[in-house]
Amino acid sequence: MMRKSNWDFALALGILLALVLACSATTANISSFKITSDEAGNNEAKSFKPGDKVYSVAVIANNGGKVQAKFRVLFDDVEGQKAGTQVPGAEKTLDIEGSRPAIFWITLPPAGFQNGRYKVEVNMLSETGEQKDQKTATFEVTGFEKAAAAETEKSDDNAK
């Protein structure tokens, strides 16, 4: 009689252990994604002007291996640009090992930027190229007309 009880206990313990392991086993993901004015990701921002650095911080979590974080900047609501079209040259792919932040940045103004709203997209890809997760965030760019007008005014002053 004692043996059957030990087997029952061992079986129950085995099932409990399997359930605990199944519940705690998660897959790699992007746990958070934000646009910031600093590399550490402490100062979330939504509006930038010429000369500013725009940081995109994606926190890769539960990553026991290697993944790629593929960033790209898209036009979202910019006059004369089709929404969803990629801003030329505003992309980067980072190899990420383990769980940690993946950081992409651009300094305004790269070619193609003007006043309007932009979207940053990050895709997390497995080693085989399979998309595992995706997040997006938007930011506004303002001040390009003022900068261009100031340059024109400065040139006019120098010509006198």
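Calculation rules
Residues numbered from 1 in each chain as written. Predicted model: local features only at pLDDT ≥ 70, side-chain atom pairs only at ≥ 80, totals over all residues. Heavy atoms only, no water. Pairing = 2+ DSSP bridges. Helix = DSSP H or I, 4+ residues; strand = E, 2+ residues; numbered from the N terminus. Axes fitted to C-alpha atoms, helices over the stretch in contact; angles between N-to-C directions. Salt bridge = Lys/Arg side-chain N within 4 Å of Asp/Glu carboxyl O. Buried < 20%, exposed > 50% of the residue type's maximum accessible area, 1.4 Å probe, protein only. Contact = heavy atoms within 4.5 Å.

Quick word on the sheet that holds strand β1 (residues 29–36)
The strand order across the open sheet built from 3 strands is β1-β3-β6, with neighbouring strands paired in antiparallel fashion. The outermost strands of the open sheet, each flanked by one partner alone, are β1 and β6 (100–107). Each strand axis lies, on average, 15 degrees off the axis of its neighbour in the sheet, ignoring direction. Bridge analysis of strand β3 (residues 53–61) against β6 gives 8 bridges, and the strand direction is antiparallel. By the bridge assignment for β6, Y55 is matched with W105.

Looking at the pattern of salt bridges
When their charged atoms lie close together, side chains carrying opposite charge are able to pair. Inspection of every chain in the model, using the stated rule, returns 4 salt bridges. Ionic pairing is found between K132 and E130, a salt bridge with its closest N-O pair at 3.7 Å. Take K132: its relative accessible area is 45%, and that puts it in the partly exposed class.

Focus: the environment of W105
Among the structural elements, W105 can be located in strand β6. Under the relative-accessibility criterion, W105 is labelled partly exposed at 41%. Those residues in contact with W105 that lie beyond four places of it in its chain are K53, V54 and Y55.

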